[in-house]
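The residues making up each chain are set out below.
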Amino acid sequence: MFWCASCGGCEESILDLSEHLFTLREKAEIVFWPMAMDTKYDAVKALPDKDLTVTLINGAIRNNEQVEIVRMLREKSKIIVAHGSCAHQGGVIGLANFFSSSALLDRAYKDMPTITDPGDVPSNTSKLNGTRLELPAMRRSIVPLNKVISVDYYLPGCPPSPELVKDALFAVLSNDLPELGTVFGETKALCHTCPRLSSKPEKLKLTTFKRLHEVEWDANTCFLTQGLVCLGPATRGGCAARCIGANMPCRGCFGPLDTDADQGLNALSMLAALLEDTTPEGLDRGIKSIPDAPGLLYRFGLAASILGGRFQGGK
């Protein structure tokens, strides 16, 4: 297991296997897991190519060191699994592609309202006792794992459910794997298995969308029917509707369906189709009722989308 640019929730999803961890321990040896083990990169480099049966890599690719390590793990592994939304689609981390690296660093170190004595942005190089120390350089943009190495399977979700993680790992151990490139989960949209599906009318027309704090929403009725944005129609099912069960709309962490090239565009099309006023002014008013439409529709998939981010110029 290896952790790139992410929050760490996917690392914890391994621990969520609970008692299945004992079965996993009987059937497999974990040889590389920096979060939990003191394993050196040089020890992995010394392994023969394809010596590792499977490696789960979570997180998007943000810096050059991550590129180097995932390429090494690709050489040493028979199977690579993109583990979680960030490795699969770029995840929330990928929203950084709306800004330049310098703008991000300025925001973090100089422009934050909570910083009362801003200084210069720290350098990624320094000297200590005559020795040059260097931090990994940030890449110009964030990309999902398959933009750097070939990926065999994908575990969607932020984080993936313990059931999906278990299914993937035990499919490897039993040599009962699906077709290469498979995304573990369902092939239909979340709407098809949503517990509120029966409350969604056949035809639905809205003028604007509401934010969650603006309405006391019903816990048993389709969110879209109540004018609240839910990305269930544009998101792969397989999450057991965990957010819906917690009375929160789907935010799209399982990514697009196999038939969709761009989850954000599909979601935008879905929402626009719900608007009653289809004039340019009506569509504009409806979409503007979502304060941060790009951030919402591309919350988990900007880095893997056709859009990719905001063009910053240069190479």
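Residues numbered from 1 in each chain as written. Predicted model: local features only at pLDDT ≥ 70, side-chain atom pairs only at ≥ 80, totals over all residues. Heavy atoms only, no water.

Novice: In this structure, what is going on with the pattern of salt bridges? I would like to understand it.
Specialist: By the definition in use, this model includes nine salt bridges. The partner of Lys 45 in a salt bridge is Glu 68, with the nearest N and O atoms 3.8 Å apart. Of this pair, Lys 45 sits in helix H3 (residues 41-45) while Glu 68 sits in helix H4 (residues 64-76); the two residues are 23 residues apart in sequence, bridging distant segments of the chain. On the basis of relative accessible area, Lys 45 is assigned to the partly exposed category, the value being 43%. Residue Glu 68 is classed as partly exposed on the basis of its relative accessible area of 48%. Lys 288 is paired through a salt bridge with Asp 284; the nearest N and O atoms lie 3.2 Å apart. Of this pair, Lys 288 and Asp 284 both sit in helix H10 (residues 280-288), four residues apart, roughly one helical turn. (Salt bridge = Lys/Arg side-chain N within 4 Å of Asp/Glu carboxyl O. Helix = DSSP H or I, 4+ residues; strand = E, 2+ residues; numbered from the N terminus. Buried < 20%, exposed > 50% of the residue type's maximum accessible area, 1.4 Å probe, protein only.)

Novice: What is the right way to look at unusual backbone geometry in this model?
Specialist: Going from Cys 158 to Pro 159, the amide bond is cis rather than trans, its omega being -10°. Its place among the elements puts Pro 159 in the loop between strand S8 (153-155) and helix H7 (162-173). Of note, the phi angle at Ala 241 is positive, near 50°, even though the residue is not glycine. With respect to the helices and strands, the residue Ala 241 is situated in the loop between H7 and helix H8 (242-245).

Novice: Teacher, can you tell me more about the packing of aromatic side chains here?
Specialist: What describes a pair of aromatic rings is the distance from one ring centre to the other and the angle between the planes of the rings. Counting across every chain of the model gives four aromatic pairs. Between the aromatic rings of Phe 2 and Phe 32, the centroid separation amounts to 6.2 Å while the plane-to-plane angle is 15°, which identifies the pairing as stacked. Placement of the pair is Phe 2 in strand S1 (residues 2-3) and Phe 32 in the loop between helix H2 (20-27) and H3, with a sequence separation of 30 residues. Like Phe 2, the residue Phe 32 is buried in the burial classification. Each member of the aromatic cluster is reached from another via a ring pair, and the members are Phe 2, Phe 32 and Tyr 41. (Phe/Tyr/Trp six-rings, centres within 6.5 Å; stacked < 30°, edge-to-face > 60°.)

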